Structure formats: C-alpha cells, structure tokens
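Report on the structure
Take a look at the letters that make up each chain.
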Amino acid sequence: MDTNLHKLSLLTLPECSCWTESYDWMHCKYLGFHQYSHGSTFAVLVNMVTPSSPEENLKNAWTFLKSYFKNNKTPTPFRYINKLSMFVRMNRFPKLRGKASEVRHLGPALRALWHAYMKPAIALHRKILTMLKCNVGLEQMLTEFKEDFAFPAGPVKLLKKHVTICCCCTHKWLSTFWKKGSSIMTSPARVTFVSILQC
C-alpha cells in the first residue's frame with residue numbers, strides 16, 4: 001500500500017497539521033497558539049524574569065495563580081502548574097500542557113502574574129503584557145457575544161483590533177529570541193492561522 005497516496009503537501013510544512021489545513025478555533029487557539037505562547041511566557045518568566053532558580057520561581061508563580069483562581073472564581077482553573085515539565089520540552093519549543101478549557105481561562109491569571117513580576121522599563125516585557133491583555137479582551141468579547149450568530153459592526157472592529165495587536169506583539173517578541181538563537185516560542189504559523197480564522 002502506498003502510504004503517500006493521500007498525503008497533502010501542505011501537511012509536510014513546519015507547524016502545519018490537519019487543524020491548520022481545516023480551521024478549528026479550539027485547536028488553533030487554545031490547543032495551538034496559546035499552548036505555545038503561554039508556555040513561552042512561563043519559560044521567560046521562570047528563567048529570565050524572576051530571580052531564583054526556575055523550580056523556585058515556578059513554585060512562587062503557582063502559589064500566585066492558585067490564589068488568583070480562588071479569589072476570581074476562575075471557571076476552569078488548572079489543577080496544577082507546579083512542574084517545569086508542564087511547559088518545558090527537551091530540544092523543542094515550550095508548550096503548555098492542559099485541557100482546552102484550562103488554557104482558555106488561564107488568560108486573566110497569567111496576565112496578572114506577568115504584570116506582578118515584569119520590569120516595565122523593558123520593551124519586551126511590555127510587548128508580552130500587551131499580548132496577554134489583548135488575549136483577555138478577545139476572550140471577554142467571545143463570552144459577551146456567545147449567543148449571537150455574528151458580532152455586531154462596532155464590536156467586530158474592536159475584536160479585529162485585539163487579534164491584530166495580539167498577533168503583532170507575539171511576532172515582535174518571538175523574533176527577538178529567534179535573532180538570539182533561542183528556542184523560546186514557535187514559528188508565526190499558528191499566530192497567523194488564529195488571525196485568519198478570526199478575521
């Protein structure tokens with residue numbers, strides 16, 4: 001049997017899969033783009049931003065997140081992000097493990113966590129915060145209009161603004177690491193697919 005008989009050339013490209021060939025919001029965003037962007041945010045936070053060892057930094061971050069989940073009644077909180085293996089992969093880009101609903105509702109907590117530890121004077125830190133803020137804004141709009149068949153004219157402009165800024169900031173901060181030869185963050189492919197899917 002010829003195993004290449006029905007193989008699409010598109011699926012041989014880096015970062016492409018059946019989910020990028022046939023758009024699916026959950027897999028492109030929560031189980032795609034955000035697994036990489038959130039995982040990379042954690043990697044930068046525990047390795048480059050906070051002062052102690054990565055293990056100790058993650059322990060402090062997890063304490064912060066648990067408190068945030070409880071105080072803000074997060075709908076589907078992570079049960080644990082207390083091991084580096086939750087987002088660190090050997091010789092591969094960081095990728096956060098978790099269910100789609102957990103990743104979806106992590107946004108506000110991760111934004112608060114980053115804001116608590118970031119250094120405002122550093123441009124890269126501000127770009128990451130902007131990306132996280134726009135993601136939260138996007139999710140709030142999706143929740144607000146979840147019963148509607150389509151977004152009204154006014155809100156759809158704001159929605160596209162959130163998506164565009166989020167994707168642009170992601171491109172900028174991941175390119176900073178690429179230039180340094182770092183394996184933080186994956187290629188723009190999934191970022192682009194999320195943008196196309198939404199707009």
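Described below are features of the structure shown in this document.

Rules behind the numbers
- Residues numbered from 1 in each chain as written.
- Predicted model: local features only at pLDDT ≥ 70, side-chain atom pairs only at ≥ 80, totals over all residues.
- Heavy atoms only, no water.
- Helix = DSSP H or I, 4+ residues; strand = E, 2+ residues; numbered from the N terminus.
- Expected span 1.5 Å × (residues − 1).
- Bend = angle between axes of the 7 residues up to and from the residue.
- Buried < 20%, exposed > 50% of the residue type's maximum accessible area, 1.4 Å probe, protein only.
- Core = buried A, V, L, I, M, F, W, Y, C linked by side-chain atoms within 4.5 Å.
- Contact = heavy atoms within 4.5 Å.
- Salt bridge = Lys/Arg side-chain N within 4 Å of Asp/Glu carboxyl O.

Some thoughts on helix 4 (residues 100-117)
With 18 residues, helix 4 should reach 26 Å at 1.5 Å per residue; the first-to-last C-alpha distance of 26 Å fits that figure. At Gly107, helix 4 shows its largest bend, some 45°, and a proline, Pro108, comes one to four positions later. Those residues of helix 4 not exposed but buried are Ala100, Glu102, Val103, His105, Leu106, Gly107, Ala109, Leu110, Leu113 and Trp114.

Examining the nonpolar core
Ranked by size, the top nonpolar core spans 42 residues in total, and within it Phe42, Leu65, Phe78, Ile81, Phe87, Leu106 and Trp114 carry the most contacts. Those elements that place two or more of their residues in this core are helix 2 (25-49), helix 3 (54-71), helix 4, helix 5 (123-144) and helix 6 (153-179). Ranked by the residues each element gives to this core, the list is headed by helix 5, at nine residues. Among residues more than four places away in sequence, those in contact with Ile81 are Phe42, Leu58, Trp62, Leu65, Met86, Leu96 and Leu106.

Looking at the pattern of salt bridges
Tallied over the full model, the rule gives two salt bridges. Where Lys29 meets Glu139, a salt bridge forms, and the shortest distance between an N and an O atom there is 2.5 Å. Pair noted here: Lys29 is in helix 2 and Glu139 is in helix 5, with a separation of 110 residues, a long-range link. Between Arg104 and Glu139 there is a salt bridge, with its nearest N and O atoms 3.4 Å apart.

Some points on the environment of Leu65
Residue placement: Leu65 occurs in helix 3. Given a relative accessible area of 0%, Leu65 falls into the buried group. In the structure, Leu65 is positioned 41 residues away from Leu106 in sequence and 9.0 Å away in space, judged by C-alpha atoms. Setting aside residues no more than four positions away along its own chain, Leu65 makes contact with Phe42, Ile81, Leu106, Ala109, Leu110 and Leu113.

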